[in-house]
Amino acid sequence: SSLALLSTAQSWETLAASAVFRREIAVLRTPPLLHAYMKELRRTEPHKLRLIQTNSVAFAKLLDESTSSILLPKAHIVRETPKSMAKKGQLLLKDSNGQSKDAYTLSRSTKSKEEREAEYRAFFTGLWRVYKKIDHKMFGRIRLLLESAPSTISLGSFKLESQCWSTLYEEDDVPRDFFADLDDDDEEAAQLQVSGKWEGTKYGFTLYAEQVTEVGPGIERLPLKADEVRWVFGFDLSKAMYATMNFEERTATVSVGEYGDRRLLFER
């Protein structure tokens, strides 16, 4: 792809200005459609997917503009009549010729914007865990805890943990608390501790790390190591990690490693 020959900033500007790209994303009106689009990009155009993930804020704004323009082309909403109000959730639009016509269905809600945002955020909060494709047959785990924010205008907190322990132990022998103290007698025990802030997005959620630490003598056995996440967050923690959601299956996919070629599937 010619985009691969440009710098990241130049590539995104070129992509965002592309009429073809804008038409592609204009139809992504639901999370499942967006997930399917991202999945196809991973298979066919991974460079484009990396550009989108690197410029997630700009992409979200572009997505809003593109989907809005296709939902309401050259039309304006008019006052509802008693007759139209009988049609649950339907709006009437006037086209460029002044003719009234039915538009897309919109569910009526008495909830405030803050209440809807709180519900959306609650969809993500809680414990996530990797069950598949952990590299070791192991006595270890990878977990992610998304905690709700005190208000809808602030970011929530997260804890990402990778942990391993001796084969002499079962997981039930290991404390369930995140970042719990390691067993001093276990010479194979280790922990990766990542913490910071998170926010929900249209396609999943975004993590902003504030601290990345490895502890314990068994660091080499960790199923996820500090360097793998530092390549994503940046070694100065100036970048973000993006999780792409499959809203139907309630899973989130995160890419880690120097080239983002290792993918972790988090499940609820």
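Reading the values: the criteria
Residues numbered from 1 in each chain as written. Predicted model: local features only at pLDDT ≥ 70, side-chain atom pairs only at ≥ 80, totals over all residues. Heavy atoms only, no water. Helix = DSSP H or I, 4+ residues; strand = E, 2+ residues; numbered from the N terminus. Buried < 20%, exposed > 50% of the residue type's maximum accessible area, 1.4 Å probe, protein only. Contact = heavy atoms within 4.5 Å. Areas by Shrake-Rupley, 256 points an atom, 1.4 Å probe, with all protein chains shown as cover. Core = buried A, V, L, I, M, F, W, Y, C linked by side-chain atoms within 4.5 Å. Patch = residues over 30% accessible without salt bridge, like charges linked within 9 Å, V, L, I, M, F, W, Y side chains within 5 Å. Salt bridge = Lys/Arg side-chain N within 4 Å of Asp/Glu carboxyl O. Lys, Arg positive; Asp, Glu negative; His and termini not counted. Charge placed at Lys NZ, Arg CZ, Asp CG, Glu CD. Arc of directions from axis to C-beta. Expected span 1.5 Å × (residues − 1). Pairing = 2+ DSSP bridges. Axes fitted to C-alpha atoms, helices over the stretch in contact; angles between N-to-C directions. Polar contact = N/O pair within 3.5 Å; in protein donor to acceptor, adjacent residues only side chain to side chain.

**Q** For the overall build of the protein, give the residues involved together with the corresponding values.
**A** Helices and strands together make up the secondary structure of the protein, namely 8 helices and 11 strands. The buried share among the 268 residues of the protein stands at 40%. Relative to all contacts within the protein whose residues are 6 or more apart in sequence, the contacts with residues 24 or more apart total 56%. Of the roughly 15,600 Å² that the protein leaves accessible, carbon and sulfur atoms contribute 51%.

**Q** Please provide a residue-by-residue account of the nonpolar core, values included.
**A** Membership of the largest hydrophobic core comes to 32 residues, with the highest contact counts inside it found for Phe158, Phe205, Val229 and Phe266. Residues in contact with Val229, not counting those within four places in the same chain, are Leu160, Leu192, Val194, Val212, Leu224, Met241 and Val256. The next biggest cluster of nonpolar side chains, apart from the first, holds 19 residues, and it includes Phe21, Leu28, Leu63 and Ala240.

**Q** Tell me what's going on with a negative patch on the surface, and back it up with residues and numbers.
**A** On the surface, Asp181, Asp183, Asp184, Asp185 and Glu187 cluster together into a negatively charged patch. With respect to the secondary-structure elements, Asp185 resides in the loop between β6 (156-164) and β7 (190-200). A residue is classified by how much of its surface remains accessible, and Asp185, at 67% relative accessible area, is exposed.

**Q** Give a detailed account of helix α8 (residues 226-233), specifying residues and quantitative values.
**A** Within the sequence span of α8, burial applies to Ala226, Glu228, Val229, Val232 and Phe233. Here the buried residues of α8 occupy an arc of 165 degrees about the axis, which is enough to place them on one side. Contacts from the buried residues of α8 go to β6, β7, β8 (204-215), β9 (241-246), β10 (251-256) and β11 (262-267). Note on α8: the residue one or two positions beyond its end, Gly234, has a positive phi of about 90 degrees.

**Q** Pulling in residues and values, what's your account of helix α3 (residues 31-44)?
**A** Compared with an ideal rise of 1.5 Å per residue, which puts 14 residues at 20 Å, α3 spans 20 Å between its outermost C-alpha atoms and is within 8% of the ideal. Here α3 has its buried residues at Leu34, His35, Tyr37, Met38 and Leu41. Down the axis of α3, the buried set is contained in an arc of 160 degrees. They therefore lie on one face. With respect to the buried face of α3, the exposed residues turned more than 90 degrees away are Lys39 and Arg43.

**Q** Let's hear about the pattern of salt bridges: which residues, and what values?
**A** On inspection of all chains with the given rule, the structure shows 9 salt bridges. Glu45 is paired through a salt bridge with Lys48; the nearest N and O atoms lie 3.4 Å apart. One continuous salt-bridge network, built from bridges that share partners, spans Arg129, Arg141, Arg143, Glu161 and Glu171.

**Q** A description of the pairing of β10 should follow, citing residues and the corresponding values.
**A** Buried residues dominate β10, accounting for 6 of its 6 residues. Neither face of β10 is open: one carries Thr251, Thr253 and Ser255, the other Ala252, Val254 and Val256, and all of them are buried. Bridging between β9 and β10 involves 4 bridges; their strand directions are antiparallel. Paired with Asn246 across the strands is Thr251, a residue of β10. By the bridge criterion, 6 bridges tie β10 to β11 in an arrangement that is antiparallel. Along β11, the bridge assignment pairs Ala252 with Phe266.

**Q** How would you summarise unusual backbone geometry if you had to cite specific residues and measurements?
**A** With a phi angle near 60 degrees, Leu237 is a residue other than glycine that sits in the positive phi range. Relative to the helices and strands, Leu237 resides in the loop between α8 and β9.

**Q** Can you explain the sheet that holds β9? Please cite residues and give values.
**A** For sheets, the rule is that strands pair by backbone hydrogen bonds, running either parallel or antiparallel. Pairing is antiparallel in the closed barrel, where 8 strands are placed in the order β4-β5-β6-β7-β8-β9-β10-β11. Along the sheet, successive strands turn relative to each other by an average axial angle of 30 degrees, direction set aside. Bridging between β8 and β9 involves 4 bridges; their strand directions are antiparallel. Its bridge partner lying in β9, Leu207 is registered against Met241. Sheet contacts for α8: β6, β7, β8, β9, β10 and β11; angle to β8, the most-contacted strand, approximately 135 degrees.

**Q** Summarise the side chain of Gln191; cite the residues concerned and give the values.
**A** Here Gln191 is to be found in strand β7. Among the polar contacts listed, one links the side chain of Gln191 to the backbone oxygen of Ala180, at a separation of 3.0 Å. There is a polar contact of 2.5 Å between the side chain of Gln191 and the side chain of Gln193. For Gln191, the residues in contact, after removing those within four places along its chain, are Glu161, Ser162, Gln163, Phe179, Ala180, Leu182, Thr213, Glu214, Val215 and Leu222.

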